[in-house]
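The chain contents come next:
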Amino acid sequence: MQAGEERVIARMRPHARVLVVPVLVLWLGVGLAALLLDRIDWAFWNIGVLTVTAIVVVLLTVVPTLAWLSRGFTFTTERVIIRTGFGGTRRETMLSRVHDVTVRRRGLQALFGAGDLLLSTGGDRAVILSDVPLASLVQRMLSEQLGARGLAVHDGDPA
């Protein structure tokens, strides 16, 4: 690899535990629909059951899944890229501007090994990567990238 050549180190999405509720709603919706179909002798009953089930499944399963799929993080040797929305917002932070990396864990994040990474760039607010899976490993990877510069890397207390 030539000096100054940027390469991708890792690509990831936020932790997948947020998909537990959509999967449960999908199972419950399909189960209830199967239970309620053909229970009443009325011409529009099956249409109503399927319509309500489809609306609930789309709103509580498909939409959250697409929202999760539309978010992602890319770590390169030169920068951190945060993507939100399909073809939507893209935020880049150059690693040369980062002077501190902190891991903050809330609620169940510690149980699943996830956490929020706070990248301090010297600006007013830190760049926050929410719900990063394997947060400690990502922090270590960033510390390797920043280590040559002698920058601080901290493991924060759960807040």
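Quick caveat, the model's predicted, so the values are computed rather than measured. (Residues numbered from 1 in each chain as written. Predicted model: local features only at pLDDT ≥ 70, side-chain atom pairs only at ≥ 80, totals over all residues. Heavy atoms only, no water.)

(A) Highlighting helix α2 (residues 45–69). Here α2 spans 35 Å end to end across 25 residues, near enough to the 36 Å set by a 1.5 Å rise per residue. Along α2, the helix axis deviates most sharply at Val-58, where the bend reaches about 35°. Among all positions in α2, only Val-49, Thr-53, Val-57, Thr-61 and Trp-68 are buried. Contacts from the buried residues of α2 go to α1 (20–36). (Helix = DSSP H or I, 4+ residues; strand = E, 2+ residues; numbered from the N terminus. Expected span 1.5 Å × (residues − 1). Bend = angle between axes of the 7 residues up to and from the residue. Buried < 20%, exposed > 50% of the residue type's maximum accessible area, 1.4 Å probe, protein only. Contact = heavy atoms within 4.5 Å.)

(B) View of the sheet that holds strand β4 (residues 89–94). Pairing is antiparallel in the open sheet, where 4 strands are placed in the order β1-β2-β3-β4. In this open sheet, the two strands that pair with only one neighbour each are β1 (8–12) and β4. Ignoring strand direction, the axes of neighbouring strands in this sheet form an average angle of 15°. Pairing between strand β2 (residues 72–76) and strand β3 (residues 79–84): 4 bridges, direction antiparallel. Of the residues in β3, the one forming a bridge with Thr-74 is Ile-81. (Pairing = 2+ DSSP bridges. Axes fitted to C-alpha atoms, helices over the stretch in contact; angles between N-to-C directions.)

Keep in mind these values describe shape, not function.
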